Amino acid sequence: MKKIITILSITAVILAVLSCGKKSDTTVKEIKTGSGIEMVSLPGGEFTMGEGADAHQVKLSPFLIDKYEVTQEMFKQIELPNPSHFKGDKNPVEMIAWVNAAVYCNERSLEEGLVPCYNEDTWECNFDANGYRLPTEAEWEYAARAGSKEKYFFGNDQKNMKNYVIYSRNSSGKTAPAGSRKPNAWGLYDMYGNVAEWCNDIYSADYYKSSPSTDPRGPKEGKERVLRGGSWNDSEESFGSAVRAMDGSINDACILRDTIGFRAVRRAD
Amino acid sequence: MKNKYTILAILMFSSVMLTAGENKPAINLSAIKYRLVYETFDNGSFDICIINADGTGKKKLTNTKNVHEMHPKVSPDGKLISYLQDTGEGRDRKRDLYVMNIDGSGKKLISKDSREQCWSPDGKFIAFVKSESTRRFSLESWSTKGLFFYNMETGQVREHANKTLEHLYSLGWSPDGKYVTATVLGGMGLKHTNIGIEVNGSRYFKLNVTGCRPEFSPDGSRIGWGRTDFEFNIAKINMNRSVPVLDKDKINFLHVTKGYEVYHLDWSPDGKYIAFSFGPDGEQHVGGTAKGWNICIAEIATGKSAYVTTDGNQNKEPDWIPAGE
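All residue numbers refer to positions counted from 1 along the written sequence of the respective chain. To label them, take the chains in the order written and letter them from A, then take the ligands in the order written and number them from 1. Totals for whole chains, interfaces and linings use all residues, but because this is a predicted model, local features are given only for residues with pLDDT of at least 70 and pairs of side-chain atoms are given and counted only at 80 or more. Remark: hydrogens and water are excluded; side-chain values derive from all non-hydrogen atoms of the structure.

Asks: Explain the overall build of chain B residue by residue, including any values.
Replies: Broken down by element type, chain B carries one helix and 26 strands. For this measure, only C-alpha atoms enter the radius of gyration; the expected value for a globule follows 2.2 Å times N^0.38, where N is the number of residues. Against the globule reference of 20 Å for 325 residues, chain B gives a C-alpha radius of gyration of 18 Å, in line with a compact fold. Dimensions along the principal axes, computed over C-alpha positions, put chain B at roughly 55 × 50 × 35 Å. Per-residue burial for chain B yields a buried fraction of 57% across its 325 residues. For chain B, the proportion of contacts with a sequence separation of at least 24, taken over those separated by at least 6, is 46%. If you sum the accessible surface of chain B, you get close to 13000 Å²; carbon and sulfur atoms cover 50% of it. Here Asp and Glu are counted as negative and Lys and Arg as positive; His is not counted, and neither are the chain ends. The location of each charge is read from NZ of Lys, CZ of Arg, CG of Asp or CD of Glu. Here chain B holds 42 positive side-chain charges and 38 negative ones, and the gap between their average locations is 1 Å. Under the DSSP-based scheme used, a helix requires at least four consecutive residues in state H or I and a strand at least two consecutive residues in state E, with every element numbered from the N terminus. Relative accessible area decides the class of each residue, using a 1.4 Å probe on protein chains only: under 20% of the type maximum gives buried, over 50% gives exposed, and in between gives partly exposed. Between two residues, a contact is recorded if the distance between any of their heavy atoms is within 4.5 Å. Surface exposure here means Shrake-Rupley accessible area, sampled with a 1.4 Å probe, where a residue is shielded only by the protein chains that are shown.

Structure below.
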């Protein structure tokens, strides 16, 4: 009898721990960073990344992600040069080379006493550092989907796009202040449109065929970086949580685009 | 061995230096009597070299291990070189504007946290811009603010009347002395274009030139610029016209195959040649890494071109020395 009680007790404790773990894992929380920037804490989880023949299961660790695309005001806060074409404190930064997005992440880390992720000689990302970095492509898609399995985070009906997206039909040919449209289910604004967002990953069309199933971080080599989300200049057909893009304007001022910006992420712990 | 290397280099050059789809034979550089200055990476830092147009007589004018001397610009009388000096590394790096004699002696600080300089055609002023951020150093050419003029006689610095000027780079002074040209990126509401700025007024205007780094020919009748990373354009220019460069006048002068870049076009004092930097994909901005880059010369009349340097030591930013030197 004593043995049965012990087994039951242990089982109850295990179930309680699992239950607690499950509860905290599924909690999406809004937070404010040390420098006052709004972020959303996302639970780790498993989701279907890509669509059609590219669809595959990916498991991610929890992380924090900016609620809005990085704005020009956020750039000014840490005294970085603002290359944007469409000036406005609340508008997202654009004309930003990938390396300068990485520089911003490092400066923001230093501002908050965190360890910068990027080596500024090699641009390698130290994922163990607690500072800011660009999202991996998988993190970006996970955040954009916000638990949805459809083409868009708002379902499959393209007619709803105008409520959630700054794109060619409603942009008036320029960016809009960050957060001008409705957020996704996890409270993230402008995951589609306004500016396309740099990811940390190097781009490879075939990467999904060989990518690890847990915390994929992109190919080791390549010249282009992943872009996600589409911009103010794109038409309806360009959007979707699984839509992939890339660009080579990594460090070359001559080919910067006013359609490209970014948002930052960092480890959840 | 040296001859073999030179021939190999010229063959490689011919295979990538394509104008209108056809290979051009090398030109006779020994017929060019001018010399050039340029920056080169050696012994762990950038230094400034002087060299004959045919690649002989190379001599370092600076030789400092932990200090970078770059972006040399020779005064119109050929007696002085203005240049940029970087000290420190990473985010704490500093970039200052200096002048020295043409033989490398008499170094003198002109302005701290300054860059992208050029001479006025009479040699009395140096135009420059300031580094934009004091929080951390940026290698980006466009990371600048303001436009300033250093008076060589008095040592006084005057800021341009238009205080909204920002993100200017690759300054050039028109031979008539009235305008400074520049590339602008994300400044004054402009995306990425090339502008002319009145030296003694406050107005600026677009040149109708897409790309970067416009350079006047010595007589001021033409400009050359980089339309992309891999091609130069040349066109007639009239700064008194509402559209200074007409589309119909633009000529694709030189382009290279994918994987290579051309930058830093500079007209010879007689207007017959351009010198430029050429090499595999690299970083063209001052202080950027450009392994394998060399200084080259192309003849305007024929499009023929040839190497001046062949060591590939990140040789960039050539500037001709006028005959007066």
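Asks: If you had to explain helix H4 (residues 137-145) of chain A to someone new, which residues and values would you point to?
Replies: Of all the nine residues making up H4(A), nine are buried; the element is thus mostly covered by neighbouring parts of the structure. Positive phi shows up at Ala146(A), right after H4(A), with a value of about 50 degrees.

Asks: Would you mind going over the sheet that holds strand S4 (residues 45-52) of chain B in detail, with residue names and values included?
Replies: Residue and element names in this part refer to chain B. Within the open sheet, the four strands sit side by side as S5-S4-S3-S26. Their pairing is antiparallel. Strands with a single pairing partner mark the edges of an open sheet, and in this sheet they are strand S5 (59-60) and strand S26 (316-321). Strands were regarded as paired on the criterion that DSSP finds at least two bridges between them. Of the pairings in the sheet, the one linking strand S3 (residues 35-42) to S26 comprises four bridges and is antiparallel in character. Pairing of Glu39 across the sheet is with Lys316, part of S26.

Asks: Tell me about the packing of aromatic side chains, and please be specific about residues and values.
Replies: All names here are of chain A. Any Phe, Tyr or Trp ring, taking Trp's six-membered ring, that has another such ring centre within 6.5 Å forms a pair; planes under 30 degrees apart are called stacked, those over 60 apart edge-to-face, and the others tilted. This model, assessed by the stated rule, comprises 29 aromatic pairs over all chains. Aromatic side chains Phe47 and Tyr142 sit 5.2 Å apart centroid to centroid with 50 degrees between the ring planes, which places their arrangement in the tilted category. Taken as a pair, Phe47 in strand S3 (residues 45-49) and Tyr142 in helix H4 lie far apart in primary sequence, 95 residues in all. Of the two residues, Phe47 and Tyr142, both sit in the buried class. These aromatic residues form a ring-pair network of at least three members: Tyr152, Phe153, Phe154, Tyr164, Tyr167, Tyr192 and Phe239. Placement of a positive charge over a ring is assigned whenever Lys NZ or Arg CZ falls within 6 Å of the ring centre and within 35 degrees of the normal to the ring plane. Above the ring of Tyr208, the side-chain terminus of Arg244 is found at 4.3 Å from the ring centroid.

Asks: Outline unusual backbone geometry, listing residues and values.
Replies: Note on backbone geometry: most residues besides glycine have negative phi, and most peptide bonds are trans. Residue and element names in this part refer to chain A. Phi angles above zero are rare outside glycine, and Glu79 is one such case at about 55 degrees. One can find Glu79 in the loop between helix H2 (72-77) and helix H3 (98-111). Residue classification places Glu79 among the partly exposed positions, given a relative accessible area of 43%.

Asks: Tell me about the nonpolar core, and please be specific about residues and values.
Replies: Residue and element names in this part refer to chain A. Counting residues in hydrophobic clusters, the biggest one holds 43 residues, and the most contacted among them are Trp98, Tyr104, Tyr118, Trp198 and Phe262. Breaking this core down by element, the ones donating at least two residues are H2, H3 and strand S6 (196-202). Broken down by element, this core gets its largest block of residues, seven residues, from H3. When near neighbours in sequence (up to four residues on either side) are disregarded, Tyr104 contacts Ile37, Val70, Met74, Phe75, Ile78, Leu80 and Phe262. Counting 32 residues, the second-largest nonpolar core is a separate cluster that includes Val40, Phe47, Tyr152 and Trp186. The criterion is simple. A nonpolar core is a set of buried Ala, Val, Leu, Ile, Met, Phe, Trp, Tyr and Cys residues joined through side-chain atoms within 4.5 Å.

Asks: Pulling in residues and values, what's your account of the layout of surface pockets?
Replies: Using a probe with the size of a water molecule, rolled over the atoms, empty space left in the structure can be pinpointed. Residue and element names in this part refer to chain B. In this structure, the second largest pocket spans a volume of roughly 620 Å³. Throughout, the protein atoms alone are placed on a 1 Å grid, and a set of points is a cavity if a 1.4 Å probe fits but cannot get out or a pocket if it is open with protein on both sides within 12 Å along at least five of seven lines; lining residues have an atom within 4 Å of a point. Lining the second largest pocket are 25 residues, with Val74, Trp173, Glu215, Phe216 and Asp266 positioned closest to its centre. For the lining of the second largest pocket, the secondary structure elements donating two or more residues are strand S6 (68-74), strand S10 (114-119), strand S14 (168-173), strand S18 (212-216), strand S22 (260-267) and S26. Here the term charged refers only to Asp, Glu, Lys and Arg, the term nonpolar to Ala, Val, Leu, Ile, Met, Phe, Trp, Tyr, Cys and Pro, and the term polar to all other amino acids, Gly among them. Along the lines of polarity and charge, the residues of the lining of the second largest pocket split into 15 nonpolar, six polar and four charged. Grid points are joined across faces, edges and corners, and a volume is the space filled by probe spheres set on the points.

Asks: Provide a residue-level description of the interface of chain A and chain B, including the pertinent values.
Replies: Across the boundary between the two partners, chain A contributes 23 residues, which contact 24 residues of chain B. Note on definitions: buried area is the accessible-area loss of two parts on being combined, 1.4 Å probe, summed for both. Buried area between chain A and chain B, both sides added, is near 2000 Å², and the carbon and sulfur share of it is 49%. Here, a salt bridge means any Lys or Arg side-chain nitrogen found within 4 Å of an Asp or Glu carboxyl oxygen. Asp281(B) serves as the salt-bridge partner of Lys223(A), at 3.2 Å between the closest nitrogen and oxygen. Polar contact is defined as a pair of N or O atoms within 3.5 Å, subject to the rule that within protein one atom must be able to donate a hydrogen and the other to accept it, and that residues adjacent in sequence are counted only when both atoms are side-chain atoms. Linking chain A to chain B there are ten residue pairs in polar contact (both at pLDDT 80 or more). Looking at side-chain class alone, the side of chain A that touches chain B contains ten nonpolar, five polar and eight charged residues.

Asks: An account of empty space enclosed by the protein is requested, with residue identities and associated values reported.
Replies: Overall, the coordinates contain two cavities of 30 Å³ or more when judged by the stated rule. Of the volumes computed, that of the largest cavity is approximately 170 Å³. In terms of lining residues, the largest cavity is bounded by 19 residues, among which Ser170(B), Arg213(B), Glu215(B), His264(B) and Glu317(B) are the most central. Elements that contribute at least two residues to the lining of the largest cavity include exactly S6, S10, S14, S18, strand S19 (222-228), S22 and S26 of chain B. Of the residues forming the lining of the largest cavity, the biggest block, five residues, is contributed by S22(B). The residue makeup of the lining of the largest cavity, split by class, is seven nonpolar, six polar and six charged. Taken as a whole, the second largest cavity spans an internal volume of roughly 30 Å³. Around the second largest cavity, the lining residues are Met49(A), His56(A), Glu137(A), Ala138(A), Asp201(A), Tyr207(A), Tyr208(A), Ser211(A) and Pro216(A).

Asks: Let's hear about the side chain of Ser170(B): which residues, and what values?
Replies: Topologically, Ser170(B) is positioned in strand S14. Each residue touching Ser170(B), except ones within four places of it in the same chain, is listed here: Glu116(B), Thr181(B), Ala182(B), Thr183(B) and Arg213(B).

Asks: Before we move on, can you summarise the environment of Asp234(A) with the specific residues and values?
Replies: Residue and element names in this part refer to chain A. Tracing the sequence through the fold places Asp234 in the loop between strand S7 (225-228) and strand S8 (245-247). Sequence separation between Asp234 and Tyr118 is 116 residues; the distance between their C-alpha atoms is 30 Å. Those residues in contact with Asp234 that sit more than four places away from it in its chain are Tyr167, Ser168 and Phe239. Within polar-contact distance, the side chain of Asp234 engages the backbone nitrogen of Ser231 at 2.7 Å.

This is a description of form; function is not addressed.
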